[in-house]
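# Structural description and commentary
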Amino acid sequence: MPADAVASARAADTGDAGAGDAGARGWLQRHLSKLVVAPSFAAALIFFYGFILWTVIISLTGSRMLPSYEIVGFENYVNIWRLSRWETAVENLFLFGVLFMGLSMALGCLLAVLLDQRIRAEGALRTIYLYPMAISYIVTGTAWKWLLDPGIGLEKAMHDLGWTGFAFNWINDPDMAIYTIVLAAVWQASGFVMAMVLAALRGVDDEIIKAAWLDGASLANIYRRIIIPTIRPVFLSAFVILMHLAIKTFDLVMALTAAGPGTATSVPATFMYDMAFQRDRLDFAATSAVMMLATVAAIIVPYLYSEIRSGKRG
Amino acid sequence: MAHLEVRNVRKSFGDTHVLKGISLDLAGGEFLVLLGPSGCGKSTLLNMIAGLDSITDGEIVIDGRVVNAVHPKNRDIAMVFQSYALYPNMTVKKNIAFGLEMRGVPADERARLIAKTSALLQIDHLLDRKPAQLSGGQRQRVAMGRALVRDPKIFLFDEPLSNLDAKLRVDMRTEIKKLHGRLGTTIVYVTHDQIEAMTLATQIAVMRGGVIEQLAPPQDVYETPANMYVGGFVGSPPMNFVPATVVDQGNGLGVRFRCAANGGDGDVVLPLADPAAAAQWKDREVVFGLRPEALTDYNEAEASIREHAHAFDCRVDVLEPTGADTLTYVELGGSTAIARVNPRRTTRPGDTMRLMADMSHASLFDPSTERRI
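Worth saying up front: this structure is predicted, and the values here are computed from it rather than measured. (Residues numbered from 1 in each chain as written. Chains lettered and ligands numbered in written order. Predicted model: local features only at pLDDT ≥ 70, side-chain atom pairs only at ≥ 80, totals over all residues. Heavy atoms only, no water.)

### Topic: the packing of aromatic side chains
Residue and element names in this part refer to chain B. Per the stated rule, a full pass over the model turns up 21 aromatic pairs over all chains. Here the aromatic cluster, defined as three or more aromatic residues joined through ring pairs, consists of Phe31, Phe155, Phe157 and Tyr189. Taking NZ or CZ as reference, Arg146 lies 4.7 Å from the ring centre of Tyr87, over its face. Across from the ring centre of Tyr222, 3.9 Å away, lies the NZ or CZ of Arg291, which sits over that ring. (Phe/Tyr/Trp six-rings, centres within 6.5 Å; stacked < 30°, edge-to-face > 60°. Lys NZ or Arg CZ within 6 Å of the ring centre and 35° of its normal.)

As structure tokens, this is what we get:
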């Protein structure tokens, strides 16, 4: 069907005699734009929404290794909470999400404010801070795994330098391993927050800040009362982007800790992968996927709605 | 009503000298306009008075106190910016109140002052709106309200009208003038618009390249420009500059220049109103400056009343009707001059017309230094 559309589009484009009589050509001209969009539209419909629907259906069945279509209702949504593994994953996600978003925002804002002081070599520094964002999570995860590995990384370097009492083995500690993921993720994302906030800070009119000086506001008051409220939409955007990154986190965990030690750093995404491809529990995998989708949707949909509405108003 | 003094102030960025020694003394209640083209340093000077720019050398004194090291907020000045610089996240009311709030004025006092200021500027109906919902003129008013409400010693205006359309600009100009009349506060106002400067100022400082070319009341700047630059910058159309020679002319001195008329090319000699001033320039080249309104159509009745009005014939090159007057382009001494002619007395381009020069309004300049003689 896509091949068809392309062929007819081409025919209409060149005014080819093969397109038939004037009536057919007129019809083509009227519907050409729709025909051109149709293939990607169909692909999106099937591969996004079709499979979302399929996943929702699977989550309502008792599928094991292979999908079955015998509906068991919402049983999976109840039973999944009996798995300690899922509980760990949700707890980890909560802990990771809060820390990751909070630290990335705080660090990003701090860097942006500092870079905004018209310092020398700003371009170079900006690139350095933003660069981690260009690296894939797999690379970040692997690099941090080496850095944090007590046998080859930071701890060994300190020992080699003579500080033999130095210990930094969070990555092997089930209670602390999740924080290493936070560390790597913050390292990756804070530069991105910085870039967004810096752009917004630069967008604030210089004269507004001068006016605030003359009005007698202190630097803290200028930031708190004027600059931050002015650039609030950027905080919202950064927040939404970080939030969905947090919920979808998978590759970073796989590369850094492989959800270990044990299952100490599993998150819903690794849980889903594990259930689908290791444990032959397609039903639980689908259930966790639907729950993640619902969480992301609960954040993104109101955001998009408010964006579109304000777009119309402006 | 604050007394502002600027003592030999300089501003340099490395080897770039933006201000090269500015001095001025402004009595309380004066309206000083800093007039000049972009890049002449007028906004820099204003920012230095405000404390937003550091001072390389010299002193700025407000009411006898050197304020070089005083933080902007403690100088008791308010500024209206070109972009209005309203806080976009606050309502009009909060915009106006912000300065008071930062200075710890109690809430009921704030409310009273806001009510007073907004009534004065007729913005009371806008108090709950955000700046984005206001028109340019309304924003301008709010920006002025924010400055007014604090009742500062000195107001600074940085090209406040340049973002408004032509009609609104004229209206706001009148309002600023009225406001100054009512409040009597010392004002320093930056603009590149010479009409704004003429209409508003009690003192104009014409600036160029980081120096003040002339500091005088508007009428003096207009009638007796200190140099050719000021004469050319102030006035629309600008002053006519005619290369001429000072010659002995019977009972006094006159200026002689070439002028085409009646199909030929001849010399015109106009007697100077004040020959004594030009005595040492006898037989030397000068630049003779005459405002377009001092060069008009010949009118016998008027010529007989005015002692220093002298007539001569000249060929007309171009006519530009403006309604009230027709700007008539003629060639005097090899350079183009403009005469303001009564539209009912114009002639056709190419024809010769009898013009009248009012020599009591003439200026003479040294051609090498361009300074007034």
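### With respect to the sheet that holds strand β1 (residues 4–13) of chain B
All names here are of chain B. The strand order across the open sheet built from four strands is β2-β1-β4-β5, with neighbouring strands paired in antiparallel fashion. Both edges of this open sheet fall to β2 (16–26) and β5 (65–66), since each of them pairs with a single strand only. Where strand β4 (residues 57–62) meets β5, two bridges bridge the pair, whose relative direction is antiparallel. Bridge assignment links Val61 to a residue of β5, and that residue is Val66. Strand contacts of helix α1 (residues 42–50): β1, β2 and β4, with the helix running at about 115° to β1, the strand carrying the most contacts. (Pairing = 2+ DSSP bridges. Helix = DSSP H or I, 4+ residues; strand = E, 2+ residues; numbered from the N terminus. Contact = heavy atoms within 4.5 Å. Axes fitted to C-alpha atoms, helices over the stretch in contact; angles between N-to-C directions.)

### What about the interface of chain B and chain A?
At the junction of the two partners, chain B supplies 26 residues and chain A supplies 16 residues. Taking both sides of the interface into account, the surface hidden between chain B and chain A amounts to around 1800 Å²; carbon and sulfur atoms contribute 59%. Considering only the surface of chain B that becomes buried against chain A, Tyr87, Asn89 and Met102 of chain B emerge as the three largest contributors, covering 26% of it. Across the contact surface, chain B and chain A share two salt bridges. Among the salt bridges present, the one from Arg150 of chain B reaches Asp215 of chain A, with a minimum N-O distance of 3.3 Å. (Buried area = accessible area lost by both parts, 1.4 Å probe. Salt bridge = Lys/Arg side-chain N within 4 Å of Asp/Glu carboxyl O.)

### Focus: the domain arrangement of chain B
All names here are of chain B. Partitioning chain B into structural domains gives domain 1 (4–233) and domain 2 (240–365). Distance from the C-alpha centre of domain 1 to the C-alpha centre of domain 2: 40 Å. Taken together, the contact between domain 1 and domain 2 spans eight residues of the former and six residues of the latter. Between domain 1 and domain 2 the total buried area reaches about 680 Å² when both faces are included, carbon and sulfur atoms providing 58% of it. Together, Tyr222, Glu223 and Met228 form the three largest contributors to the area buried by domain 1 at its contact with domain 2, with a combined 69%. Here domain 1 and domain 2 share zero salt bridges between them. In this assembly, domain 1 and domain 2 are joined by three residue pairs in polar contact (both at pLDDT 80 or more). Elements with a contribution of two residues or more to the side of domain 1 that touches domain 2: α7 (218–223) and α8 (228–233). (Domains from an automatic or database assignment. Polar contact = N/O pair within 3.5 Å; in protein donor to acceptor, adjacent residues only side chain to side chain.)

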